[in-house]
Amino acid sequence: MNPSILALASAAVLISACSTSSMKPVELLPTTIQVPAGHNMAMETVGVGEITYQCRIKQGAASEFEWAFVGPDAVLFNRSGQVVGRYYGPPATWENNDGSKVTGKQLATAPAGEGNIPLQLVKANPAMGNGMMQGVTYIQRLAIKGGAAPAHSCSASNLGNKVIVKYQADYIFWKAA
């Protein structure tokens, strides 16, 4: 991630950390992205960064084109505005500054409003390394701002072009109780 994005991300997180959390109470979230009973919240982070999309031929439709997700690159901040890790991929990887990291499999999504990537529930794979990610079972993506695929056309004339879209989201990490 380039330094100007990091500076902008830092400012955005500090502003959002000082305001009231935009997280909805668990009972107000769509049931598809709720964490199953028997898990406790272990860590809250705010991811600020970019998602890259590429104009590609649509799978199974040689004459159609679409913006395909390439991957994310975000800095993870705690609620105090301190950098605690990174989120990148593929595969989707959440890495803590202590060296522990986790990947996962998407279980469900729910709409998050126009221009936003969807809310998400991820089942975590066993963590790599010892640290904060050890024992994480689920990850939720909430309070999303931006990140949706470009609105402008993807066609033969811009096939292969990449577009970077800025976004921000809360990543909530859960562990078994």
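Residues numbered from 1 in each chain as written. Predicted model: local features only at pLDDT ≥ 70, side-chain atom pairs only at ≥ 80, totals over all residues. Heavy atoms only, no water.

> Would you mind showing me how to read the overall build of the chain here?
Within the chain one finds one helix and eight strands. Sequence-ordered secondary structure for the chain, helices as α and strands as β, is α-β-β-β-β-β-β-β-β. Expressed as a percentage of the 177 residues in the chain, the buried residues total 43%. When the accessible surface of the chain is summed, it comes to about 9100 Å², and 56% of that surface belongs to carbon and sulfur atoms. (Helix = DSSP H or I, 4+ residues; strand = E, 2+ residues; numbered from the N terminus. Buried < 20%, exposed > 50% of the residue type's maximum accessible area, 1.4 Å probe, protein only. Areas by Shrake-Rupley, 256 points an atom, 1.4 Å probe, with all protein chains shown as cover.)

> Sorry, what's going on with the environment of Ala148 here?
Looking at where Ala148 falls in the secondary structure, it is placed in the loop between β7 (136-146) and β8 (162-176). According to the relative accessible area criterion, Ala148 is partly exposed, its value standing at 23%. Along the chain, Ala148 and Pro118 lie 30 residues apart, while their C-alpha atoms are 8.4 Å from each other. Apart from the residues lying within four places of it in its own chain, the contact partners of Ala148 are Tyr53, Gly115, Asn116, Ile117 and Val165. (Contact = heavy atoms within 4.5 Å.)

As far as function goes, none of this settles anything; it's purely spatial.
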